[in-house]
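Now for the letters of each chain:
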Amino acid sequence: MAEIEVIHPGVRSLVQDDGRPGLAFYGIPASGHLDPDAAHRANRVLGNPVSSPLIECHLVAPKLRFRDQVDFAVSGADFGWALDSVPVERDRMLSAASGSVLTGAGATNGARGYVAIRGRLDCRFDHASAATYGYAGLGGVEGRPLLKGDILRVLLPEAAAAGTNPGARPSVAAIEARIGILPGPEWHLLTDDAHRELLSASFSISMNSDRMGARLEGPALAIRPASRMATVPLLPGTVQVPGSGAPIVVLADGQTTGGYPRVAILPRGELSKFCQLLPGRAFGFRQL
Amino acid sequence: MSGSFRLLDVDLEVLPFGERAILLRRTDALADPLVLPRLGERLASAMPDAVVDVVATEVELMIAGAQGVSLERLERSAIAALGKLSDHPAVHPRRFRLPVCFESGADWAQVERESSLDRFAYIARLQQVPLVLTMYGFVPGFLYMRGLPEALHCSRKAVPDQRAEAGSVAVGGPYFGIYGLPTPAGWNVIGHTPLGTATPRELPPTPFRIGDEFRVEQITSASLDELRRNPPSMSELRIDG
């Protein structure tokens, strides 16, 4: 068993895996990685099962001390990762000596990154998943993001390291500024002008966002009154527009039902790209 | 998409919802509003081939497919599974008291404005009607209840609040609801209950079932504090023996 000490948790670092789909009927969202490709890449280079629990980092890197020797990998956005102040590359198996410290800074070309350890992270499983769902205290480390002083334990594999090719990492240019959307069931509740605005205006993700939903800043969209609409199902990627006209994009921890119009929906691949947009970064939507 | 069809005396239309889910939407009047939630419950407990998730509300049943499954295949699988479900006999509902303290509801001003009732009249009317748990959803432990007379309906907020504490009771559209966990809230909070409705590490994540009936019972803030310290048991809350 190797130990990793959380010296500083960054903005929000928390354990994730492929999530717990299949429970949305009960109001339990699937949760899971916001950038599954990046998370799987980190596990793949280590020879871990791709769905192994790892640490998802948001906006600012955590500071971690490897109390014992481990192999690890980082992936996703560029957090300027360094081990004992020596820069390290993403998407490669890296070796950490006992006592070494992993640091990083603010993410620069994306919003989310991953730290995976070769072996198996010892964490809480709820409904067969270690994905942290903070609102209900499920998964991860006591159902919450990492805190300063947390000690993470990793069961080390017996066999020697046998990582595999991570696959191509999308280039920085691929973190697109135009996110594809499909019309949603209440697309018709937007006025014609609002349709045009949705597909041409500039938006950004508000800092007032989390893994449940991304609130957007930008023009208020004119929507026909629906304040007494029946409650309807939601999926991650749904774009809701409440009466204020300010869109909210439902994310992996998002509510499973809601009463605001569902004007559009981001398909899975577009949602991953969207989740790599830094708050404040301008982007637009395009119709698929 | 096949368009419309009829299932268990309910008219439904099929719509796509993104690239990996379909919606079965009721097109008839809600003679029995619990039909889709009950069907959803049975589908969710034994998901057919190609289906990875089910969400049921009174008006729509959402069925999400595994990656790579076409919407056409998803529709065939879902309709075949639903067609095998025979009419579910109505379960004798359980009846519970629902103690609520209305003294610190943050959104009474909006509710009074929309209903044109002062809060005392609103509370009096609320206590006269049975409320029925009709859907799960939103977050685990959130209970959607129907039964509010139209005069007591209230629009959802244009900008949802950041946080309603666990135990908040609220009105949104035609529904009365209980927030089992502290979460963002788009409904109008009118009070607080000491009842714990959320047990998220269990399945189902609540001790209450679809079809359960509730009668609101006004309590003081002193009683609220006392009941929070010593929560009533399920049997103490039952009013049907």
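Structure shown above.
In short, a report on the structure. Everything numeric here is computed off the predicted structure, so don't read it as measured data.

## Things to note about the overall build of chain A
Then step 1. In terms of helices and strands, chain A carries 3 helices and 21 strands.
Then step 2. The C-alpha atoms of chain A give a radius of gyration of 20 Å, which matches the 19 Å a tight globule of 288 residues would have.
Then step 3. Seen through its C-alpha atoms, chain A measures out along the principal axes to roughly 60 × 40 × 30 Å.
Then step 4. By the burial criterion, 60% of the 288 residues in chain A qualify as buried.
Then step 5. Both charge centroids of chain A, one from 28 positive and one from 27 negative side chains, sit 3 Å from each other.

## Things to note about the sheet that holds strand E2 (residues 10-16) of chain B
Residues and elements named next belong to chain B.
Then step 1. Taken together, the 5 strands give an open sheet; going across it, the order is E1-E2-E3-E5-E4, and neighbouring strands pair in antiparallel fashion. This sheet does not close on itself; its edge strands, each paired only once, are strand E1 (4-7) and strand E4 (51-56). Between one strand axis and the next, the sheet turns by 25 degrees as a mean value, whatever way the strands run.
Then step 2. Both E1 and E2 contribute to a ladder of 4 bridges, which runs antiparallel. For serine 4, the partnering residue across the bridge sits in E2 and is glutamate 13.
Then step 3. Across the face of the sheet, helix H1 (residues 35-45) comes into contact with E1, E2, strand E3 (21-26), E4 and strand E5 (60-65) while running at roughly 155 degrees to E4.

## Describing the sheet that holds strand E11 (residues 175-178) of chain B
All names here are of chain B.
Then step 1. Taken together, 7 strands build an open sheet; the order of strands is E6-E14-E7-E8-E11-E10-E13 and the sheet is mixed. The sheet terminates laterally at strand E6 (95-100) and strand E13 (188-192), the two strands that pair on one side only. Sheet twist, expressed as the mean angle between neighbouring strand axes with direction ignored, is 35 degrees.
Then step 2. Where E6 lies against strand E14 (residues 213-218), 6 bridges are found, and the strand directions are parallel. Paired with arginine 97 across the two strands is arginine 215, which belongs to E14.

What counts, and at which threshold
- Residues numbered from 1 in each chain as written.
- Chains lettered and ligands numbered in written order.
- Predicted model: local features only at pLDDT ≥ 70, side-chain atom pairs only at ≥ 80, totals over all residues.
- Heavy atoms only, no water.
- Helix = DSSP H or I, 4+ residues; strand = E, 2+ residues; numbered from the N terminus.
- Rg over C-alpha atoms; globule rule 2.2 N^0.38 Å.
- Buried < 20%, exposed > 50% of the residue type's maximum accessible area, 1.4 Å probe, protein only.
- Lys, Arg positive; Asp, Glu negative; His and termini not counted.
- Charge placed at Lys NZ, Arg CZ, Asp CG, Glu CD.
- Pairing = 2+ DSSP bridges.
- Axes fitted to C-alpha atoms, helices over the stretch in contact; angles between N-to-C directions.
- Contact = heavy atoms within 4.5 Å.

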